[in-house]
Amino acid sequence: MVHKISLAARGGGSKVDRDLDEVAHAVAKAKRVMVVTGAGISCNAGIPDFRSSDGLYNLALTDSIKGKDLFDISLFNKPETTSTFYTFTSNLRRAILDATPTPTHRFIRTLKDKSKLLRCYTQNIDGLETREGLVDGEDVVQLHGDIHSLVCTLCQQKAAWTPELMEELRLGSAPSCLNCESKSLARTLSGKRGLASGVLRPNIVLYGEEHPQGPTLATLINRDLRRRIDCLLVIGTSLRIPGFKKLVKDAAQIVHSYGGKVVFVNLGAPSVSEWRGVMDWWVEGDSDGWVEDLRIRAPEIFRVQTTLDGVLKSTKPGIKTKIKNNGREPTPSESGASDKENEASVGVGVGTPKKKIIRQQLIQLPTPPSSQDEACVPASVTRKRALVEESCNSPSKRTKIISPKKKVEMLEESCNTPSKRTKTGGAATPAKGTPTKAKVVERPKSTFFDKISKPNVTSVAAVKKAPAAGAKRENVALGAAVGVGVGVTSNVRTRAQVKAPLKKLRSSGVKVQA
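## Side note on the overall build of the protein
On a plain count of helices and strands, the protein comes out with 20 helices and ten strands. Classification of the 514 residues of the protein by burial places 33% in the buried group. Taking all contacts inside the protein whose residues are at least 6 apart in sequence as the whole, residues at least 24 apart take part in 62%. Summed over all atoms, the accessible surface of the protein reaches about 33,100 Å², with 54% contributed by carbon and sulfur.

Have a look at this one:
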């Protein structure tokens, strides 16, 4: 059973107030809300509803057609009923133009500003949502069309309302389609048979008529039903149209799967047997009254946060810095002019060196005053010029300026100074700046026989040590076994390399001296 909450019984901390607080909390914590609306949200805008005694059907100015027959496609079967339809829709559009958006329309816009609104599907054809800044086809989808445009019954070409067409429709006559007439006239002038011409009618979907954008709407609805919807608001509709009821049931199933809530706000009660388990709450009352109650119980929903940077982006240059400085006028470096504008004023780019920028700024400064009119130059200009000249002449802290003459002296000094690893032998170092000729020493070319005749340094060092007799005999034995000279010590080869030939000799029967 759908839980009923009556707005008329609120107050005094009763159970109704606790239920309304629970509804407000569910809407406030929701992150993705789908809104489904009907004609009830536009009643307070000055547009009468459809089924009341003084409702919209009285605009037809006839007693022969009542109820939903005014929106049936069968009206175009007879000229009399077609004329009645045109008169009715013309008076309806006049009433819509005089209407103003309601708090419910502004609440939907607030959901968009809070990034909570997934989409708003509406049965209304008045287009009041677009006056609040909602984009048609993106934020709001008018399931039954838009009365603010006309469409041809034959070529489906759209046309805008004009005062002449509006008056013609009010009189009950069907205006012809200019697009069809121009095509037919072109064929006639070329000697071909003319084509049939259609008539214009309001761009709304009637009962018994196939929706011209049915596949597109089905794709959009299926895509939204795959999103994570955690709140569904059904406001101001009696839920009589089968396709609209299916949309609500499918969306409610998705919402409940994610632990969300479905809220139905309307004066009329929903069918208990049909909507049991689909809707969580039925708020009985006017939609604008519930929105005002929601504003009191959950003000954070209507509080749209605007950052200072977002406000200052649309202000004039310099205002942002002035506000940041607590009202103080911005300095030239803090002004709103960008760096690119400053660079363009002096004719430099992003990669221009700093010295070049300063010199170009120096060129644009006033010329130095002569002795006659020096008193006429302001002191600030003179001071600024002095600072620029000082910055141009003084070297940078990081850059060490070396003259070409100094570079030559440093190069000659590096050539004449002996290396730290080379012993000078007590020779006097030439004075700085004294040119000296480099002494070229030719190295003799070594031959292959010179290389093999050179004694091994390690071997000579080993012979000079004069080892003991036993050690000398051991070296001779090892040398004979390995095949090297007498002076080679045992550490030239590894132990494994020495023992391998000895084992081979012992295995062959040769006695090796220990």
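From this point, the narrative continues.
## Some points on helix 1 (residues 15-29)
If you check helix 1, its first and last C-alpha atoms are 21 Å apart, about what 15 residues at 1.5 Å a residue would give, namely 21 Å. Elements in contact with the buried residues of helix 1: strand 1 (3-6), helix 3 (103-113), strand 8 (231-235), strand 9 (261-266), strand 10 (281-284) and helix 10 (287-297).

## Details of the layout of surface pockets
There is about 640 Å³ of room inside the second largest pocket. Forming the boundary of the second largest pocket are 29 residues, of which K158, N203, H211, P212 and Q213 lie nearest the centre. For the lining of the second largest pocket, the elements supplying multiple residues, two or more each, are strand 4 (140-142), strand 5 (145-152), strand 7 (200-204) and helix 7 (214-225). Residue classes in the lining of the second largest pocket are distributed as eleven nonpolar, eleven polar and seven charged.

## Regarding helix 7
An ideal rise of 1.5 Å per residue puts 16 Å on twelve residues; helix 7 measures up with 16 Å between its terminal C-alpha atoms. The complete set of buried residues in helix 7 reads L217, L220, I221, D224 and L225. Taken end-on, helix 7 shows its buried residues confined to a sector of 130°, consistent with a single buried face. The exposed residues of helix 7 that point more than 90 degrees off its buried face are P215, T216 and T219. On its buried face, helix 7 is in contact with strand 2 (33-37), strand 3 (117-122), strand 4 and helix 8 (242-257).

## What about the sheet that holds strand 9?
Taken together, the seven strands give an open sheet; going across it, the order is 1-10-9-8-2-3-4, and neighbouring strands pair in parallel fashion. In the strand order of this sheet, the two ends are held by strand 1 and strand 4, each with one partner. Adjacent strand axes in the sheet meet at a mean angle of 15°, parallel and antiparallel pairs treated alike. The sheet contacts of helix 10 involve strand 8, strand 9 and strand 10, and relative to strand 8 the element is tilted by about 140°.

## Observations concerning the nonpolar core
In terms of nonpolar packing, the biggest core is built from 33 residues, with V35, F107, L233, W290, L294 and I301 touching the most fellow members. Elements supplying a minimum of two residues to this core: helix 1, strand 2, helix 3, strand 3, strand 8, strand 9, strand 10 and helix 10. Among the elements that line this core, the one with the most residues is helix 1, at seven residues. Grouped together as the second largest cluster of nonpolar side chains are 28 residues, L220, I229, V234 and V262 included.

## What about the environment of C152?
The topology assignment puts C152 in strand 5. C152 sits in the buried class, given a relative accessible area of 1%. Ignoring sequence-local partners within four residues, the contact set of C152 consists of Q157, C177, C180, G198, V199 and L200.

## Examining the sheet that holds strand 6 (residues 158-160)
In spatial order, the strands read 6-5-7; together these three strands make up an open sheet with antiparallel pairing. Every interior strand has two partners, whereas the edge strands, strand 6 and strand 7, have only one. For this sheet, the mean angle separating the axes of adjacent strands, direction not counted, is 50°. Examined bridge by bridge, strand 5 and strand 7 share four bridges and lie antiparallel to one another. Bridging across to strand 7, C152 finds its partner in L200.

## Examining the pattern of salt bridges
For the structure shown, the criterion picks out 16 salt bridges. Residues R297 and D17 are paired through a salt bridge, measuring 2.9 Å at the closest nitrogen-oxygen approach. Note that R297 is positioned in helix 10 and D17 in helix 1, a separation of 280 residues in sequence. The salt bridge involving D21 is made with R297; its shortest N-O contact spans 2.6 Å. Taken together, the residues D21 in helix 1 and R297 in helix 10 connect sequence positions 276 residues apart. Owing to a relative accessible area of 38%, D21 belongs among the partly exposed residues under this scheme. Each of the salt bridges in this network shares a partner with another, and the network as a whole consists of R10, D17, D21, D293 and R297.

## Section: the confidence of the model for the protein
Of the residues in the protein, 60% have a pLDDT of 70 or more, and the chain-wide mean is 75. A low-confidence stretch, residues 308-328 stays under pLDDT 50, and its non-local contacts, those more than four residues away or across chains, total 18 contacts. Contacts for the low-pLDDT stretch residues 447-491, under 50 throughout, to residues beyond four places or in other chains number 21 contacts.

## Considerations on the packing of helix 3 against helix 10
At a minimum axis distance of 8 Å, the contact between helix 3 and helix 10 shows a crossing angle of 50°. Viewed along their axes, helix 3 and helix 10 adopt a mutual orientation that is oblique. Across from P103, T104 and F107 in helix 3, the residues of helix 10 making contact are S287, D288, W290, V291, E292 and L294. Across the contact of helix 3 with helix 10, the residue classes tally to five nonpolar, two polar and two charged.

## Examining the side chain of D230
Positionally, D230 belongs in the loop between helix 7 and strand 8. There is a polar contact of 2.9 Å between the side chain of D230 and the backbone nitrogen of K31. Of note is the side chain of D230, whose polar atom sits 3.0 Å from the backbone nitrogen of R32. Among residues more than four places away in sequence, those in contact with D230 are A30, K31, R32, V33, V255, G260 and K261.

## With respect to the pairing of strand 2
The buried fraction of strand 2 amounts to five of the five residues, a majority that puts the element mostly inside the structure. Burial along strand 2 is two-sided: the residues V33, V35 and T37 and M34 and V36 are all buried. Direction of pairing for strand 2 relative to strand 3: parallel, over a ladder of five bridges. Residue V33 lies in a different strand from strand 3, and its bridge partner there is L117. For strand 2 and strand 8, the ladder comprises five bridges, and the chain directions are parallel. Bridging across to strand 8, M34 finds its partner in L232.

Thresholds applied
Residues numbered from 1 in each chain as written. Predicted model: local features only at pLDDT ≥ 70, side-chain atom pairs only at ≥ 80, totals over all residues. Heavy atoms only, no water. Helix = DSSP H or I, 4+ residues; strand = E, 2+ residues; numbered from the N terminus. Buried < 20%, exposed > 50% of the residue type's maximum accessible area, 1.4 Å probe, protein only. Contact = heavy atoms within 4.5 Å. Areas by Shrake-Rupley, 256 points an atom, 1.4 Å probe, with all protein chains shown as cover. Expected span 1.5 Å × (residues − 1). 1 Å grid on protein atoms, 1.4 Å probe; cavity = no way out; pocket = protein on both sides within 12 Å on 5 of 7 lines; lining within 4 Å. Points joined across faces, edges and corners; volume = space filled by probe spheres on them. Nonpolar A, V, L, I, M, F, W, Y, C, P; charged D, E, K, R; others polar. Arc of directions from axis to C-beta. Pairing = 2+ DSSP bridges. Axes fitted to C-alpha atoms, helices over the stretch in contact; angles between N-to-C directions. Core = buried A, V, L, I, M, F, W, Y, C linked by side-chain atoms within 4.5 Å. Salt bridge = Lys/Arg side-chain N within 4 Å of Asp/Glu carboxyl O. pLDDT = per-residue confidence, 0-100. Parallel < 35°, antiparallel > 145°, perpendicular 65-115°, else oblique. Polar contact = N/O pair within 3.5 Å; in protein donor to acceptor, adjacent residues only side chain to side chain.

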